[in-house]
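Per-entry structural report
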Amino acid sequence: MNKTGHQFCISGVVMRNKIILSILLFFAFAAQLSAESQTEILFLSGTDSDHPEKWDFMVTGGRNSGDWSSIPVPSCWELQGFGSFNYGHDEDKSTEKGKYRHTFTIPESWQGRKIELVFEGVMTDTAATINGQSAGPVHQGGFYRFEYDITDLIRIGENNLLEVLVSKVSENESINAAERTGDYWVFGGIYRPVYLRSVPREHIAHTAIDATADGSFAIDVHLKNISGADMLSARIVNRAGLPVSGEFYANLEPGTTRATLNTRVAGQTNWTAETPELYYADIRLRDGEKDIHTIRERF
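These remarks concern the structure in this document. (Residues numbered from 1 in each chain as written. Predicted model: local features only at pLDDT ≥ 70, side-chain atom pairs only at ≥ 80, totals over all residues. Heavy atoms only, no water.)

**With respect to the pattern of salt bridges**
Working definition: two side chains of opposite charge can pair if their charged atoms are close together. Counted under the stated rule, the structure contains 16 salt bridges. The shortest N-O distance in the salt bridge between Arg145 and Glu120 comes to 3.9 Å. Taken as a pair, Arg145 in the loop between β9 (133-134) and β10 (146-149) and Glu120 in the loop between β6 (114-119) and β7 (122-123) lie far apart in primary sequence, 25 residues in all. Here Arg145 falls in the exposed class, since its relative accessible area comes to 52%. A residue is classified by how much of its surface remains accessible, and Glu120, at 21% relative accessible area, is partly exposed. Across the salt bridge formed by Arg264 and Asp214, the nearest N and O atoms sit 3.6 Å from each other. Here Arg264, found in strand β19 (residues 258-264), pairs with Asp214, found in the loop between β15 (203-211) and β16 (216-224); they are 50 residues apart in sequence, far enough to count as distant. Within the structure, one salt-bridge network assembled from shared partners comprises Arg235, Glu247, Arg284, Arg286, Glu289 and Asp291. (Salt bridge = Lys/Arg side-chain N within 4 Å of Asp/Glu carboxyl O. Helix = DSSP H or I, 4+ residues; strand = E, 2+ residues; numbered from the N terminus. Buried < 20%, exposed > 50% of the residue type's maximum accessible area, 1.4 Å probe, protein only.)

**A short note on a nonpolar patch on the surface**
Residues Leu79, Phe85 and Trp185 make up a contiguous nonpolar surface patch of roughly 340 Å² in combined accessible area. Residue placement: Trp185 occurs in strand β12 (residues 185-186). (Patch = residues over 30% accessible without salt bridge, like charges linked within 9 Å, V, L, I, M, F, W, Y side chains within 5 Å. Areas by Shrake-Rupley, 256 points an atom, 1.4 Å probe, with all protein chains shown as cover.)

**Description of the sheet that holds β15**
The strand order across the open sheet formed by three strands is β15-β16-β19, and the pairing between neighbours is antiparallel. For this open sheet the edge positions go to β15 and β19, each flanked by a neighbour on one side alone. Across the sheet, the axes of successive neighbouring strands diverge by a mean angle of 20 degrees, strand direction being ignored. In this sheet, β19 lies alongside β16 in antiparallel orientation, the contact comprising seven bridges. Bridge assignment links Ala218 to a residue of β19, and that residue is Asn262. (Pairing = 2+ DSSP bridges. Axes fitted to C-alpha atoms, helices over the stretch in contact; angles between N-to-C directions.)

**What about the environment of Glu253?**
Within the secondary structure layout, Glu253 lies in the loop between β18 (248-251) and β19. Distance from Glu253 to Ser227, taken between C-alpha atoms, is 7.6 Å for residues 26 residues apart in sequence.

**Some words on the nonpolar core**
By size, the foremost hydrophobic cluster in this structure holds 30 residues, and its most contacted members are Trp55, Tyr100, Leu117, Phe119, Ile150, Leu162 and Ile190. For this core, the elements supplying multiple residues, two or more each, are β2 (53-59), β3 (69-73), β5 (97-104), β6, β8 (125-130), β10, β11 (160-167) and β14 (194-199). Counting residues in hydrophobic clusters, the runner-up holds 22 residues, among them Ala234, Leu261, Ile283 and Leu285. (Core = buried A, V, L, I, M, F, W, Y, C linked by side-chain atoms within 4.5 Å.)

**Here we look at the environment of Leu153**
Inspection of the secondary structure puts Leu153 in the loop between β10 and β11. We classify Leu153 as buried; its relative accessible area is 15%. Taking the C-alpha atoms as reference points, Leu153 and Ala135, 18 residues apart in sequence, are found 7.8 Å from one another. Apart from the residues within four sequence positions on either side, Leu153 is in contact with Ile130, Asn131, Gln133, Ser134, Ala135 and Asn160. (Contact = heavy atoms within 4.5 Å.)

**Notes on helix α2 (residues 173-180)**
Turning to α2, its buried residues number three or more, namely Ile175, Asn176, Glu179 and Arg180. The buried residues of α2 all sit within an arc of 100 degrees when viewed along its axis, so they share a single face. In α2, the exposed positions that point more than 90 degrees away from the buried face belong to Glu173, Ala177 and Ala178. Against β7 and β12 lie the buried residues of α2. (Arc of directions from axis to C-beta.)

**Quick word on the environment of Ile41**
By the element assignment, Ile41 lies in strand β1 (residues 40-43). Along the chain, Ile41 and Val118 lie 77 residues apart, while their C-alpha atoms are 9.9 Å from each other. With residues near it in sequence (within four places) discarded, Ile41 still touches Tyr195, Leu196 and Arg197.

**A closer look at the packing of aromatic side chains**
Summed over the entire model, instances satisfying the criterion amount to 13 aromatic pairs. Here the aromatic rings of Phe57 and Phe82 are separated by 5.0 Å at their centres, their planes lie at 75 degrees, and the arrangement is edge-to-face. Note that Phe57 is positioned in strand β2 and Phe82 in the loop between β3 and β4 (86-87), a separation of 25 residues in sequence. As far as burial versus exposure is concerned, Phe57 and Phe82 are alike and both buried. Here the aromatic rings of Phe146 and Tyr148 are separated by 5.9 Å at their centres, their planes lie at 80 degrees, and the arrangement is edge-to-face. Put simply, the rings of Trp55, Phe57, Trp77, Phe82 and Tyr100 pair up and form one aromatic cluster. Here the basic side chain of Arg296 rests over the ring of Tyr280, its NZ or CZ set 5.2 Å away from the ring centre. (Phe/Tyr/Trp six-rings, centres within 6.5 Å; stacked < 30°, edge-to-face > 60°. Lys NZ or Arg CZ within 6 Å of the ring centre and 35° of its normal.)

And the structure:
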């Protein structure tokens, strides 16, 4: 073998070993993330309109009104044979309401965690109760995700009853002007998924990422109920799950509600319309070496 070929083989072995090492480091990092530290999701509805779940349902007016039956969720009730069809420019729109009921149980492992009821989208005013108690204020606006903290309303290990009252026409005239009047059909219903989200009591509430073309990266992390957690860390990985940055940190004090993490990535592949490159930020809320809450954000 000539010198050039020998060098090529050596460099190939080095590159292969680096890749193997990166994979091992990634899985070692992932193995440290216990189920207790992760956000857990339990779908109450189907995951989409092609895979719905049946809920008890009654509509107050129009077709098949007045009697309890069932309806797939997510869906719009007009397309399932209920209520009345209206177009946005109709002057006298039907004001029927949809009543939903669904029972569910909470995993025993969720004991002591914060539990949220999340609606991805409902047309349009929405009032929800858990076991006969209000989950929170009536939500208005059909194109917004919203959630309720139902930790104190649910019963672990028992059946829980979710009841949802959906008003097809909003009591807010500005919402009606934006969503109910125009060149489109006016539908009612829980038309996007509904699920429960469970997080540790100390947790990452939400984040805001600023990643620029020169490789600089900043993330604002908003925190809730910080008491024992003393550190926040993050690492950036590519779509293959391989790290493209080392871990970077911020120290926390009890009561901290926001922390900012910064780093710079070398050799990143920037997003373009032709090369839609994605990365992930693995974020860890920690108490010493113990992970309290871990999330992954795509950017």
